[in-house]
Amino acid sequence: MTTLLQDLRYALRVSAQRPGFTFVAVLTLALGIGANTAIFSLVSAVLVRPLQYRDAERLVVVWEDATAAGIPRDDVANANYADWKEQNKVFEDVAALDQRVYDLAGAGEPEKVYAFAVTHNFFNVLGVEPALGRGLLPDDDKPGANRVTVISQELWRSRFGSDPGLVGRDILLSGEKYTVVGVMPAGFQFEYPDFGLWVPIAFTPEQLADRGSHSLEVVARMKPGVSFEQARADMSAVMSRIAAEHPDESAGVGAAVVPLREQLAGDSRRPLLILLAAVALVLLIACANVAGVLLSRAAARRREIAVRAALGASRWRIVRQLLTESVLLGLAGGVAGALLALWAFGFLQQLVPYALRGMAEPRLDFAVLSFTTLVSLMAGVAFGLAPALQASKTDLGEALKQAGGRGGVGAGRRLRGAFVVAQVALALVLLVGAGLLVQTLYRLRDQYSSLRPESLLTARTLLDGKRYGEPARRAAFYEGVLGRVRSLPGVVAAGYTTAVPLMRKGGSNGLSIEGKDNGPNSPWNALHRQVSPDYFRAMGLALREGRDFTEADDENALPVAVVNETMARAFWPGENPVGKRFKIGSPEQKQPWLTIVGVVADVRQMGADAPVKPEMYVPYRQAMPFWKGPPYSFFMPRDLVIRTSVEPASVVPSVRRAVHETDAYQPVEGVRTMDEVLGRETSERRVGVTLLGAFAALALLLSALGIYGVLAFFVVQHTPEIGVRMALGARPRDVLRLVVFKGMRLALAGVLLGLAGALALTRLMSSQLFGVSAADPLTYVGIAVLLACVALAACLIPARRATKVDPMVALRYE
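1. Focus on the pattern of salt bridges
- Enumeration according to the criterion identifies 29 salt bridges in this entry.
- For D83, the salt bridge identified is with R211, shortest N-O distance 2.7 Å. Taken as a pair, D83 in helix α3 (residues 78–87) and R211 in the loop between α6 (205–208) and β11 (214–222) lie far apart in primary sequence, 128 residues in all.
- On the basis of relative accessible area, D83 is assigned to the buried category, the value being 12%.
- The salt bridge partner of R621 is E479, with a shortest N-O separation of 2.3 Å. Note that R621 is positioned in helix α19 (residues 620–623) and E479 in helix α16 (residues 471–486), a separation of 142 residues in sequence.
- Judged by its relative accessible area of 21%, R621 is partly exposed.
- Salt bridges linked by common partners bring R54, D55, R58 and E92 together as one network.

2. A short note on unusual backbone geometry
- One non-glycine residue, S162, lies in the positive phi region at around 55°.
- With respect to the helices, strands and loops of the structure, S162 is situated in the loop between α5 (153–160) and β8 (170–173).
- Judged by relative accessible area, S162 falls into the partly exposed class, the value being 30%.
- The phi torsion at A202 lies on the positive side, around 50°, for a residue other than glycine.
- Its place among the elements puts A202 in the loop between β10 (195–200) and α6.

3. With respect to a nonpolar patch on the surface
- A contiguous nonpolar surface patch, about 630 Å² in accessible area, is contributed by F23, V24, L27, L31, L340 and W343.
- Of all elements in the fold, only α2 (19–48) and α12 (315–348) reach the threshold of two or more residues within the nonpolar patch.
- Ranked by residue count, the leading element in the nonpolar patch is α2, at four residues.
- Secondary-structure assignment places L27 in helix α2.

4. Here's the deal with helix α20 (residues 652–662)
- When we look at burial in α20, the residues that qualify are V652, S654, V655, A658 and V659. The arc that holds every buried residue of α20, seen down its axis, measures 165°, which confines them to one face.
- Summarising the contacts, the buried residues of α20 are in contact with β13 (456–460), α16, β22 (639–644) and β23 (669–673).

5. Comments concerning the packing of aromatic side chains
- Considering all chains together, one arrives at 27 aromatic pairs under this definition.
- Residues F122 and F190 carry aromatic rings whose centres are separated by 5.5 Å and whose planes lie at 90° to one another, so their mutual orientation is edge-to-face. Here the residue F122 occupies a position in helix α4 (residues 122–126), and F190 occupies one in the loop between β9 (176–183) and β10, the gap between them amounting to 68 residues.
- Ring-pair connections join several aromatic residues into one group, and the members of that group are Y53, Y114, F116, F122, F123, F188, F190, Y192, F195, W198 and Y354.

6. A word on the pairing of strand β4 (residues 91–105)
- For β4, the buried fraction is high: 11 of the 15 residues fall into the buried class.
- In the sheet, β4 pairs with β11 via six bridges, with the strands oriented antiparallel. Within β11, the position partnered with F91 by the bridge is M222.
- Relative to strand β5 (residues 111–118), β4 is paired through eight bridges, and the arrangement is antiparallel.

7. Quick look at the confidence of the model for the protein
- Of all residues in the protein, 88% have pLDDT values of 70 or greater, and the mean over the chain is 84.
- Here residues 403–409 is a poorly scored stretch, pLDDT under 50, and it has 15 contacts once near neighbours within four places are set aside; other chains count.
- Low pLDDT, under 50, characterises residues 627–634; the predicted model gives this stretch 22 contacts beyond four residues in sequence or across chains.

8. Here's the deal with the packing of helix α22 (residues 683–717) against helix α23 (residues 719–727)
- Two elements in contact, α22 and α23, have axes separated by 4 Å at closest approach and are oriented at 65°. The angle between the axes of α22 and α23 places the two elements in the roughly perpendicular class. Taken together, the residues of α23 that come into contact with α22 (itself represented by V715, V716 and Q717) are T719, P720 and I722.
- Residues belonging to the contact of α22 with α23 are distributed by class as follows: four nonpolar, two polar and no charged.

9. Concerning the packing of helix α24 (residues 732–761) against helix α25 (residues 777–803)
- Here α24 crosses α25 at 155°, and the two axes come no closer than 8 Å. On the basis of the axis angle, α24 is roughly antiparallel to α25. The interaxial crossing formed by α24 with α25 has right-handed handedness.
- Residues belonging to the contact of α24 with α25 are distributed by class as follows: 22 nonpolar, two polar and one charged.

10. Looking at the pairing of β13
- A large share of β13 lies buried, amounting to five of its five residues.
- Residues of β13 alternate between two faces, with L456, T458 and R460 on one and L457 and A459 on the opposite face, all of them buried.
- Where β13 and β22 come together, five bridges link them in antiparallel fashion. Along β22, the bridge assignment pairs T458 with V641.
- Here β13 pairs with β23 via three bridges, running antiparallel. Of the residues in β23, the one forming a bridge with R460 is E669.

11. A short note on the nonpolar core
- Counting residues in each nonpolar core, the largest one holds 112 residues, and the members touching the most others are Y53 and F122.
- No other element matches the 16 residues that α22 contributes to this core.
- Grouped together as the second largest cluster of nonpolar side chains are 41 residues, V76, A115, I171 and I242 included.

12. Thoughts on the environment of L351
- Within the fold, L351 resides in the loop between α12 and α13 (366–391).
- Judged by its relative accessible area of 6%, L351 falls in the buried class.
- Spatially, the C-alpha atom of L351 lies 6.8 Å from that of V687, the residues being 336 residues apart in sequence.
- Beyond its immediate chain neighbours, meaning those up to four positions away, L351 contacts L42, L275, E684, V687, G688 and L691.

About the cut-offs
Residues numbered from 1 in each chain as written. Predicted model: local features only at pLDDT ≥ 70, side-chain atom pairs only at ≥ 80, totals over all residues. Heavy atoms only, no water. Salt bridge = Lys/Arg side-chain N within 4 Å of Asp/Glu carboxyl O. Helix = DSSP H or I, 4+ residues; strand = E, 2+ residues; numbered from the N terminus. Buried < 20%, exposed > 50% of the residue type's maximum accessible area, 1.4 Å probe, protein only. Patch = residues over 30% accessible without salt bridge, like charges linked within 9 Å, V, L, I, M, F, W, Y side chains within 5 Å. Areas by Shrake-Rupley, 256 points an atom, 1.4 Å probe, with all protein chains shown as cover. Arc of directions from axis to C-beta. Contact = heavy atoms within 4.5 Å. Phe/Tyr/Trp six-rings, centres within 6.5 Å; stacked < 30°, edge-to-face > 60°. Pairing = 2+ DSSP bridges. pLDDT = per-residue confidence, 0-100. Axes fitted to C-alpha atoms, helices over the stretch in contact; angles between N-to-C directions. Parallel < 35°, antiparallel > 145°, perpendicular 65-115°, else oblique. Nonpolar A, V, L, I, M, F, W, Y, C, P; charged D, E, K, R; others polar. Left-handed = near helix turned anticlockwise from the far one by under 90°. Core = buried A, V, L, I, M, F, W, Y, C linked by side-chain atoms within 4.5 Å.

As structure tokens, this is what we get:
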């Protein structure tokens, strides 16, 4: 212990004697360790930290698997849920939920509140109890029962001032009284942080027998000891029996059992792991950078180390002392890195998947602190071991004869060169990855450029299903709003739709195609959007064939539809689809046959990088008679689309006024441009690309500093040699060429090694790319040239200094 304390005291003195070196080394390590700490905390929060539910590892979400129709995770039919609950052998309990929206009145201004209608066992399945009051009871979940609701802690605080007397009182939801029976704990959520109510779903026997309506989400708790594979096998067997008994509705449909964490984390696992790998590369580059500087410093300390060895210090004692100094630097970098990570947590919150926000925030907990400490110690050993071993090999006689600071040739020089090559190679891998993702982000947004999203305003006017139960009243509202909005100055076109692209990723229907095989295994399935006339012009969707909808396409006219290009190609390959007919559901159902009157351009509805699916558009006036029961409010037109010739924000007050003139009590939500919608859709990618770009830029800077440091030390070591060369007639450009050639040789070796590494590693991120290949030659060549130019700039500074060496001064020094 005494020896260790001596080593620590001496290490502190050495660090204090060279404050410039210590500051640069600690800052370099802080950037690397801080980035690793921040990203590890994010990965821990999203992928590792236990969820707030009891035994969350036993919770799963179960979907219908309609892969044949292009929907691997489809909403569940009511009757299928009932059969799953009754026939499964692997679940303790199964609950269902559906989305609702209510107008919350009283205690302030009316507001839209999103809710889940759930079976009474929903909270029991999750293993969460209300903080106040009670949950839902079986008697609450029956048709005709008294209306009750459980509310979120956040709604309780913001709307009702944390009033404990609220439990047992009534609140008005869409004009009807609901008794508040419970308040959930702070932070409780399920998938959607902004859903503030839970009400009983109260299935009727007729609803539980319905296999045609798909709107449920199903969550289940596996029995102890049951694996995911067993659950999947059992549910596949259940769905096989259902498909055999009900081939018209369920043939070809399976069951997808998804762990709850995987469901909530979505597609974030691979991007987060890519970021974690990227910051690990940054840390390696930082360690290589500091190791190179320590090697140079060890060469300058050869006389000191030789004296210590001559006085009896063993090689192990010298190595331990030097390692103590490097570990101390690593721990200092770790402390500074933890502070940097704390500062970055607010920014990283944007990378938490939407379904986990509010319950998976990055924080500096025990696991993260342990990780930071371990990384700091490992980094200290990693960048200190090679210099320590190299310095301990000092030849006493040779070192004592040399002037201080001139030594360290041979293996030490080769090691410094190897560190520079490694830095350049790792930096190139990071830069190539960042370059590919930057192109991906650009192409994701550019595919919507034909819509001119910056001139497109969207607003949501979600109608209350009770007040607007009659189709005529809904039509009057739409026509009133559209008539007023179209007359506003600066408005080019306006239309209504069920949901603008990227805002609702669903709403599909099984179809029957006239003249084709419509058997149980037929692949006919398409997204369904109800729109008003002029919607396509407002949205900017080009008409490829036929005609647009007109005001004449009402409930008294021939039922018509417009399809997208993908649906036309998939369902009528090589044919003109205009004039063809199809219907929603099976041929025997009473739905009308729809005649195709037009084909419009494709637009990605399900996600900026999701495949375009077959899609049909129908006039909202013709679709109204076929809306049935809740949650029909989610399927009727709700999004107003406005094309403007002026700045869209300038017409927002007039649009709100037009809606309120039509219905003074109708809320207007989600007012944003289509450009903002795109920004929200790509926000997680944008933040990830920004981080990766920052890491790549840091790696580039560290690599340039590594090259500069090696060449600067080379010039200092070889000042006498340079003086001799210049005294014998060497010109400044010869000296410049000598130094630059040495640096560029290392840089180009790193570039070649990095290109090989990038080719191998970027293939792992191919699933994150869109519109660009993982082996895109322009990216590789461009990054290689950029890195070579930066390396050349780093070489020129010490090279120019070498050309200014005075031969007489250098020779006198020798």
